[in-house]
Amino acid sequence: WLSGMLFLLQDAWSDAQGKLHMDSQQDYQLLGARRAPEGFYLLIRRAFSTCDPKDYLIEDGTVHLIYGILETPVPSLQAINISAIQRGLQRVQLLKPNITVPKLPSDTKTMEITAPNIVIPSQVTTYWCYMTELPKDFPEHHIVMYEPVITAGNEALVHHMEVFQCAAEFDTFPHYNGACDSKMKPDKLNYCRHVLAAWAMGAQAFYYPKEAGLAFGGPGSSRYLRLEIHYHNPLVFEGRRDSSGIRLYYTNTLRRYKAGIMELGLVYTPVMAIPPGEEAFILTGYCTDKCTQMALPAAGIRIFASQLHTHLAGRKVVTVLSRDGKERQVVNADTHYSPHFQEIRMLKELVAVFPGDELITTCTYNTKDRTQATVGGFGILEEMCVNYIHYYPQTQLELCKSAVDPGYLHRYFKVVNMFNDEEVCTCPQVSVPEQFYSIPWNSFNKNLLKSFYVFAPFSMHCNKSSAVRFPGQWEKQPLPIITERLQEPVPHCPPAPGPQPAAPIPINLGQLKRN
């Protein structure tokens, strides 16, 4: 805070009323200060974990930086009420792995896959599909980088985008430019499921490691591509035009490994639901040992990056690797996840996944502000639980996800009917969302649903890029048995600090040198 030309650095915390209080444990150390034409800079140091209950634990995932701007100097810390000043929020990943961005090859070319100046529909949620194709006789190349191309002014409307390549067994695909859920969309487009690029709000450019690239073009590869854009238009703007998409950087200098992208987590289906008024409701999706045994090569795969994805209720996402019933390592975790900041994050180290391993993705949701159930689906007020993993070498396994068995869900609705005065319609002609919406969400029905998801068998989707499952029995699969869990990391507490300053650290701005 400021008083005239004096800047005071102080470790403080805020209460529920927005009042600031000086922390009894001062954990910030001033290392330097300098003035510049645009303002002034402070260099400070603080332990990631201070073991001070008033301090924020800085972890590998998302960190929410909240700042306030004072319009006039204030005489003391107690005079600041953060609920009454201009505030801002910046989401960052402070602890990024120390990985050098590879230099692009000298023969790198670019290709933009973008929507053709469409009019964004005047509705809250739209999934738009656009078909395009590569030039004839386009030889095999490796994608080494991609980045978003967002039409200026539409940054808040474009929620996420994907570029899919179509199945090679079809010679041609119809051209289409329209809503993905339209009855006019050709069914054949459902065979365009091989992910070439995936971007979500908050992500920046993505670089492949120098040993791998994503192959496209050449023999055995379809020329046809499908761009899918999720527009989130909560204010229902009309007439807004858009040409957003993804820019691919590719080279004909093929790298050692062909990379792939695989979806983990939950299938987009309303059978997975979250009751209203929940602060931390958990749903889990499985990529089972049976699927990895069937689809992965004997030498396994190596995961090098990951992008976590939910809609608006998501608060935490974790994927864990399990082997022989024992959790071995965390693939990616974000305990302060935000649906508005969905980066593709390089992992600190490669994660090896072998046939017979399990990849378990758990999402935690907050529905305190909702009055009816939130079901799984594509709408922004519906939910998802996804981890897009980037790995090599490429396999045929494109999607490894699960959802609770629909038949067992019907049993849940029947039990709810037996023990509640208000009848829940379980008629076959009534949709699953309507059945969830009709439930009186008392504590019994909420706890029963939690228990149901923990014990009920599930349907496993072990899919190729053609959207066809690998051969096998995938229905009514038992939940994986985990005999050993990973221990929660224990924060490392620094040595007890020495004598604490009884007053803030003063910095005289008038004495700082400009540079």
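Residues numbered from 1 in each chain as written. Predicted model: local features only at pLDDT ≥ 70, side-chain atom pairs only at ≥ 80, totals over all residues. Heavy atoms only, no water.

S.K.: Please clarify how the domain arrangement of the protein chain should be interpreted in this entry.
M.R.: Quoted interface sizes are often the accessible area lost when the parts come together. Each assigned domain of the protein chain is listed here: domain 1 (2-95), domain 2 (108-255) and domain 3 (260-404 + 458-464). The C-alpha-based centres of domain 1 and domain 3 are spaced at 35 Å. Facing 10 residues of domain 1, the contacting portion of domain 3 comprises 10 residues. Here domain 1 and domain 3 share an interface that buries about 820 Å² over both sides, 46% of which is from carbon and sulfur atoms. At the junction of domain 1 with domain 3, the criterion picks out one salt bridge. Between Lys 348 and Asp 60 there is a salt bridge whose closest N-O contact spans 3.1 Å. (Domains from an automatic or database assignment. Contact = heavy atoms within 4.5 Å. Buried area = accessible area lost by both parts, 1.4 Å probe. Salt bridge = Lys/Arg side-chain N within 4 Å of Asp/Glu carboxyl O.)

S.K.: Even after reading the chapter, I still don't get the sheet that holds strand 24 (residues 281-287), so can you show me in this structure?
M.R.: In a beta sheet, neighbouring strands pair by backbone hydrogen bonds and run either parallel or antiparallel. If you walk across this open sheet you meet the four strands as 24-29-26-27, and the pairing is antiparallel. Taken across any chain shown, the strands that pair with only one partner, and hence form the sheet edges, are strand 24 and strand 27 (326-334). The average angle at which neighbouring strand axes cross in this sheet is 20°, direction not considered. As paired strands, strand 24 and strand 29 (residues 358-365) are joined by seven bridges and run antiparallel to one another. Its bridge partner being in strand 29, Leu 283 is matched across the sheet by Cys 363. (Pairing = 2+ DSSP bridges. Helix = DSSP H or I, 4+ residues; strand = E, 2+ residues; numbered from the N terminus. Axes fitted to C-alpha atoms, helices over the stretch in contact; angles between N-to-C directions.)

S.K.: It is not clear to me how the sheet that holds strand 14 (residues 177-179) should be interpreted in this structure. Could you clarify?
M.R.: If you trace the five strands from one edge of the open sheet to the other, you get 14-11-18-13-15, paired in antiparallel fashion. Looking at the sheet topology across the chains shown, the edges are occupied by strand 14 and strand 15 (194-200). Across the sheet, the mean angle from the axis of one strand to that of its neighbour is 15°, orientation sign disregarded. Relative to strand 14, strand 11 (residues 125-133) runs antiparallel, the two sharing three bridges. Bridge assignment links Cys 129 to a residue of strand 14, and that residue is Gly 178.

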